[in-house]
Amino acid sequence: MGDCNSCSHSCGSCGCGGCGKHLTLSSGEISLLRMLGQFSFLPVARKRDDMTPIFREDTAYSQEEYSLFVQLLEKKRLIHLDYTPLKGANMTQYADFPVHGSMSLTQRGQQVLETLELQGIEE
């Protein structure tokens, strides 16, 4: 097995849930992946001095929970965060945050989403 890009351990031993043959996702992570499957990009924001992503497009979970889901999906290499402002995006919900950007599925994220749709979820 190769090295995990998001940690310094060999794949499967870092505990991030995204390196080995099995991937562990919470219901909130799955919900966010499915939203990203419907749209090419979703807005995200943050403070200048804090890298915590803020997502306010849905209220099924709290803002803190969505921040955690975004961070976990990025660590598992299922989404990509880009803090370059997205032209034409309505960022009024994020006016209290100075840094605006977007998130999108990675190729791996798209593959995981397709697998979820075809094979379902195993608990």
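Refer to the preceding data block for the structure.
The sections below set out a description of the structure shown in this document. (Residues numbered from 1 in each chain as written. Predicted model: local features only at pLDDT ≥ 70, side-chain atom pairs only at ≥ 80, totals over all residues. Heavy atoms only, no water.)

## Some remarks on the packing of aromatic side chains
Next up, step 1: The final tally for this structure, using the stated rule, is four aromatic pairs.
Next up, step 2: For the ring pair Y66 and F69, a centre distance of 5.9 Å and an interplane angle of 90° mean the geometry is edge-to-face. In this pair, Y66 and F69 are both assigned in helix α2 (residues 63-75), three residues apart and thus about one turn of the helix distant. Each member of the pair, Y66 as well as F69, carries the same accessibility label: buried.
Next up, step 3: Through successive ring pairs, a cluster of aromatic residues spans F55, Y61, Y66 and F69.
Next up, step 4: Above the plane of the ring of Y83 lies R46, whose end atom (NZ or CZ) is 4.7 Å from the centre. (Phe/Tyr/Trp six-rings, centres within 6.5 Å; stacked < 30°, edge-to-face > 60°. Helix = DSSP H or I, 4+ residues; strand = E, 2+ residues; numbered from the N terminus. Buried < 20%, exposed > 50% of the residue type's maximum accessible area, 1.4 Å probe, protein only. Lys NZ or Arg CZ within 6 Å of the ring centre and 35° of its normal.)

## Digging into the sheet that holds strand β3 (residues 79-82)
Next up, step 1: Taking strand neighbours across the sheet as the criterion, the four strands line up as β2-β1-β4-β3 in an open arrangement whose pairing is antiparallel. Edge strands, defined here as strands with exactly one partner in the open sheet, are β2 (50-54) and β3. Taken pair by pair, the neighbouring strands of this sheet meet at an average axis angle of 30°, ignoring direction.
Next up, step 2: When β3 meets strand β4 (residues 99-105), the two strands line up antiparallel, connected through four bridges. Following the sheet pairing, D82 is matched in β4 by S102.
Next up, step 3: Taken strand by strand, helix α1 (residues 27-38) contacts β1 (42-47), β3 and β4, and its axis lies near 90° from that of β4. (Pairing = 2+ DSSP bridges. Axes fitted to C-alpha atoms, helices over the stretch in contact; angles between N-to-C directions. Contact = heavy atoms within 4.5 Å.)

## Concerning unusual backbone geometry
Next up, step 1: Even without glycine at this site, R77 takes up a positive phi of about 60°.
Next up, step 2: In this structure, R77 sits in the loop between α2 and β3.

## Looking at the pairing of β4
Across a regular strand the side chains alternate sides, sitting on one face of the sheet and then on the other.
Next up, step 1: Of all seven residues that make up β4, six are buried, and the element is covered over most of its length.
Next up, step 2: In terms of strand pairing, β1 meets β4 through five bridges, oriented antiparallel. If you follow P43 over to β4, its bridge partner there is S102.

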